[in-house]
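Structural features, examined
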Amino acid sequence: MSALERLAEELREEGGLLAEAVVAPDGAPEPHGAAAGERYALIVEAIREGYLEHYATGRVVRPEDPDLALLAGDRLYALGLERLAALGDLDAVTELADVISLCAQAHAEGDPERAGAVWDAGAAAVAAGPAADHEAVKRSWRRA
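One structure accompanies this document, and this report is about it. These figures come from a predicted structure and were not determined experimentally. (Residues numbered from 1 in each chain as written. Predicted model: local features only at pLDDT ≥ 70, side-chain atom pairs only at ≥ 80, totals over all residues. Heavy atoms only, no water.)

Our focus in this paragraph is the nonpolar core. Counting residues in each nonpolar core, the largest one holds 22 residues, and the members touching the most others are Tyr40, Ile47, Tyr51, Leu84, Leu96, Cys103 and Trp119. Looking at this core, the elements with two or more residues in it are α4 (41–55), α5 (66–87), α6 (90–108) and α7 (112–128). Here this core takes 8 residues from α6, the largest share from any one element. Setting aside residues up to four positions removed in sequence, Tyr51 forms contacts with Ala56, Tyr77, Cys103, His107, Ala115 and Trp119. Counting 14 residues, the second-largest nonpolar core is a separate cluster that includes Ala8, Ala72, Leu76 and Leu79. (Core = buried A, V, L, I, M, F, W, Y, C linked by side-chain atoms within 4.5 Å. Buried < 20%, exposed > 50% of the residue type's maximum accessible area, 1.4 Å probe, protein only. Helix = DSSP H or I, 4+ residues; strand = E, 2+ residues; numbered from the N terminus. Contact = heavy atoms within 4.5 Å.)

The following block contains the structure:
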């Protein structure tokens, strides 16, 4: 079962408004979850889904109401970060919180390509640790 299928199943089981907006994953690739490795795939895809609720179209959650989409995005961000904290991986919590922040900044500045680069670098950092220049690049993105 893919990370997106597991996410859809968990959201349905949780119930509530979010569960009512869950759709079957369309088989779209999960590059960020896959890049983050088995241990983190579901968590990264939950946070990625939250990002998509804010800035694009979700792959698993598709509410008709745009306000509900924003709330769903926030809930999915929280779900992923809560699970990381429960694993005790505070470095990954910090990394993915930075991804959320840097992507919001990139979108506010009209730079979705930078948001894509942030996702790629963040997923890789969660999986294998950050590249040597990772923190310097994040600082430069914050100043962009």
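After that view, the rundown keeps rolling.
With that settled, the discussion passes to the packing of helix α1 (residues 3–14) against α4. Remark: α1 packs on α4, axes separated minimally by 9 Å, with the N-to-C direction vectors making an angle of 70°. As the angle between them shows, α1 and α4 are arranged roughly perpendicular. Between α1 and α4, the contacting residues are Ala3, Leu4, Arg6, Leu7 and Glu10 on the first element and Ala41, Leu42, Glu45, Ala46 and Glu49 on the second. Grouping the constituent residues of the contact of α1 with α4 by class yields 6 nonpolar, no polar and 4 charged. (Axes fitted to C-alpha atoms, helices over the stretch in contact; angles between N-to-C directions. Parallel < 35°, antiparallel > 145°, perpendicular 65-115°, else oblique. Nonpolar A, V, L, I, M, F, W, Y, C, P; charged D, E, K, R; others polar.)

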